[in-house]
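# Results of the structural survey
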Protein chains: 2
Amino acid sequence: MNEQAEAAAPKKEPRLDSTLSKGLMVLEALTAAKGAKGVSELSRELELTKSNVFRLLQTLAALGYVQATEDKLYRATLKTWQVGRAVVENFNLRDVAGSAMQMLSTKTGEAIYLAVQDGLNVVYIDKIDSTQPIRSWNPVAGTAPIHCVGTGKAILAASYGRMRERMIGNLTKFTDRTITSIKFLDEEMAATQGRGYAIDTGEFRDRIRSFGAAISLPDGEVVGALGVSVPEINLEPGDQERICDLVKMAAESVTHRLQQI
Amino acid sequence: MNEQAEAAAPKKEPRLDSTLSKGLMVLEALTAAKGAKGVSELSRELELTKSNVFRLLQTLAALGYVQATEDKLYRATLKTWQVGRAVVENFNLRDVAGSAMQMLSTKTGEAIYLAVQDGLNVVYIDKIDSTQPIRSWNPVAGTAPIHCVGTGKAILAASYGRMRERMIGNLTKFTDRTITSIKFLDEEMAATQGRGYAIDTGEFRDRIRSFGAAISLPDGEVVGALGVSVPEINLEPGDQERICDLVKMAAESVTHRLQQI
DNA sequence: AAAATATGTGCTGAATAATGGAACAAATGA
DNA sequence: TCATTTGTTCCATTATTCAGCACATATTTT
């Protein structure tokens, strides 16, 4: 059957490296295991020979992905976790968030920001300029304090449990509206969590409002935020609510898109 | 060394499967990359032949670890992240927390619990029984509502940003002291975050107090909590503060030990 | 335009490298 | 005590991976 091989196989499946497949099978089996597993157990479970499993484990151990316990059992190490985390950290949010930002821009005409957390600040990793004559003006790669802009407050609200302590004593005042007491921040974060988006009423720059919503991974971990920044003078009645809803929706769509990548 | 075996080779290094090594090299290179990478680029970077890299990518793609973009570039998928996450989720906290629990037991004599989150509850995955004549009595694998026991409140406080909304309407009342309003819970969580440990003043079982502190990963993610449960009648003045400090210290030591595994 | 240099992908023969089974020592349980 | 079961080593066999080339597209340079 040199010519056709398989008549009912419409897609030619590429031959794949069995050693790599088996090695990853072993690794997955270990990561999915509650405790440590032995060679024989894995060999039965994966239907591989003992010597094969043993050898795969040796190389996985040499590479640091698994570790042998004193009683000859093997468990996955945190290196596997770290490698996985790198995916998330190096993810190009710009690509994923691009269309959502574009949507926000066309529907609001104001400046759109994509921000990630960096310590007690947010860093803007992408932006779309406002099309309005009166603009706000943060550059890409610029930073802003996390406690007083929309994107920052959205991110902060989602990780407030871990961040709260670090905020104490770091609530620098920028305008009259800046939140400078931890008590008020507690309340503001609770409100933000309830709404699902954050509002900055000119707390960083006078008369510049901004609104933000967080972007998160399948497990809820926050990786960034979308935000709209708009001079108060551009705001007609009802605009703020409309923009906030848009930002929230946009962030949700990015979050959703992240799930399937 | 009857004959000679290794004159200059002190450690015999086990031969390791090259395909698996190379495949993981490719995967690591992709996870560490800011954006997507092409076959040729990887081939140069890792000093492998193009056809070799191509094949490895094919199998990694077939297994779901990487994905080809429309323009023939490859990027790591969230599957890599998920596999890594499983390590953390299935990590045997018992092993790591064991000695800290033992320390807590000998220093307090009360019941020690190790808990992880499960939805709106905590599950006790390990315990050391009280040595006191009057005991509290939660079994291993037992559960308790997250909003009214020490371990649960400690975990909740650390992830309150993501959890707050889910708590609304789920604040079941168990005793007169149970927190049933979201407003009070907000305040209690803020206080807990400030202290670094949680206090349950008989909010789940009458006259049974419990104290808890969260255990977290290198990046701050919470994976569980240590707790001490003690009948009020056993508490002398000053005991509560002492126990709380112990619990906090114990949880910190487990957190620290987690870093290096 | 056209040539030149990239790129990713498909073959194929050659041989390397992974394989499975047997054999081993060391625990473990009957 | 023997009988299993464990992890580990070894080795001949061969199936598997590999490098190199060929080819089709892009992209860039001339």
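Residues numbered from 1 in each chain as written. Chains lettered and ligands numbered in written order. Predicted model: local features only at pLDDT ≥ 70, side-chain atom pairs only at ≥ 80, totals over all residues. Heavy atoms only, no water.

Moving on, we come to the domain arrangement of chain A. Domain boundaries in chain A define domain 1 (18-86) and domain 2 (91-259). Between the C-alpha centres of domain 1 of chain A and domain 2 of chain A there is a distance of 42 Å. (Domains from an automatic or database assignment.)

Moving on to the layout of surface pockets. Taken as a whole, the largest pocket spans an internal volume of roughly 1,300 Å³. In terms of lining residues, the largest pocket is bounded by 49 residues, among which Ser159(A), Arg162(A), Met163(A), Asp219(B) and Gly220(B) are the most central. By residue number, the principal contributor to the lining of the largest pocket is helix α7 (residues 160-167) of chain A, which donates six residues. The residue makeup of the lining of the largest pocket, split by class, is 23 nonpolar, 13 polar and 13 charged. Reported here for the second largest pocket is a volume of approximately 850 Å³. Around the second largest pocket sit 28 residues that line it, and Glu89(B), Val116(B), Gln117(B), Val222(B) and Val223(B) are the ones nearest its centre. When residues of the lining of the second largest pocket are traced back to their parent elements, those giving at least two are α4 (78-89), α5 (93-108), β3 (111-118), α6 (150-158), α7 (160-167) and β8 (222-231) of chain B. (1 Å grid on protein atoms, 1.4 Å probe; cavity = no way out; pocket = protein on both sides within 12 Å on 5 of 7 lines; lining within 4 Å. Points joined across faces, edges and corners; volume = space filled by probe spheres on them. Helix = DSSP H or I, 4+ residues; strand = E, 2+ residues; numbered from the N terminus. Nonpolar A, V, L, I, M, F, W, Y, C, P; charged D, E, K, R; others polar.)

Judged by nonpolar contacts, the single largest core of 105 residues is most densely connected at Leu57(A), Leu226(A), Leu57(B), Ile215(B) and Leu226(B). In contact with Leu57(A), other than residues within four places in its own chain, are Val26(A), Leu30(A), Val39(A), Leu42(A), Val66(A) and Tyr74(A). (Core = buried A, V, L, I, M, F, W, Y, C linked by side-chain atoms within 4.5 Å. Buried < 20%, exposed > 50% of the residue type's maximum accessible area, 1.4 Å probe, protein only. Contact = heavy atoms within 4.5 Å.)

A word on the pattern of salt bridges. Applying the stated rule across the entire model yields 21 salt bridges over all chains. For Asp17(A), the salt bridge goes to Arg55(B), with nearest N and O atoms at 2.8 Å. With one member in each of two chains, Asp17(A) in the segment before α1 (18-32) and Arg55(B) in helix α3 (residues 50-62) form a pair that bridges those chains. Residue classification places Arg55(B) among the partly exposed residues on the basis of a relative accessible area of 35%. Lys79(B) serves as the salt-bridge partner of Glu28(A), at 3.6 Å between the closest nitrogen and oxygen. One end of the pair, Glu28(A), is in helix α1; the other, Lys79(B), is in helix α4, on a second chain. Judged by its relative accessible area of 25%, Lys79(B) falls in the partly exposed class. Overlapping salt bridges bring together Lys153(A), Glu188(A) and Glu203(A) as one network. (Salt bridge = Lys/Arg side-chain N within 4 Å of Asp/Glu carboxyl O.)

Laying chain B over chain A is done by rotating through 178° and shifting 0.2 Å along the axis; what remains is an RMSD of 0.7 Å. Such a combination of turn and shift is consistent with a two-fold rotation axis. Judged by C-alpha distance, Leu20(B) is the residue of chain B that lies nearest the rotation axis, at 1.7 Å. A high fraction, 97%, of the interface residues of chain B reappear at the interface in chain A, so the copies pair face to face through one surface. (Least-squares fit on C-alpha atoms with pLDDT ≥ 70 in both.)

With that settled, consider the packing of helix α6 (residues 150-158) of chain A against α7(A). All names here are of chain A. Orientation of α6 relative to α7, taken along the N-to-C sense of each, is 115°, at an axis distance of 6 Å. The angle between α6 and α7 places the two elements in the roughly perpendicular class. The residues of α7 that touch α6, namely those facing Leu-156, Ala-157 and Ala-158, are Tyr-160, Met-163 and Met-167. (Axes fitted to C-alpha atoms, helices over the stretch in contact; angles between N-to-C directions. Parallel < 35°, antiparallel > 145°, perpendicular 65-115°, else oblique.)

All names here are of chain B. The six strands lie next to each other as β5-β4-β3-β8-β7-β6, forming an open sheet whose pairing is antiparallel. Of all strands in the sheet, those bounded by a partner on one side alone are β5 (143-145) and β6 (198-200). For this sheet, the mean inter-axis angle between neighbouring strands, taken without regard to orientation, is 30°. Relative to strand β7 (residues 208-216), β6 is paired through three bridges, and the arrangement is antiparallel. Paired with Ile-199 across the bridge in β7 is Phe-211. (Pairing = 2+ DSSP bridges.)

Before going further, it helps to spend a moment on unusual backbone geometry. Here Arg207(A), not a glycine, exhibits a phi torsion of approximately 65°, which is positive. Relative to the helices and strands, Arg207(A) is located in the loop between β6 (198-200) and β7 (208-216).

Moving on, we get to α7(A). Buried within α7(A) we find Tyr160(A), Gly161(A), Met163(A), Arg164(A) and Met167(A). The arc enclosing the buried residues of α7(A), seen along the axis, measures out at 160°, which places them on a common side. Taken together, the buried residues of α7(A) touch β3 (111-118), α6 and α8 (182-195) of chain A together with α6 and α8 (182-195) of chain B. Looking one or two residues past α7(A), Gly169(A) carries a phi angle of roughly 85°, positive in sign. (Arc of directions from axis to C-beta.)

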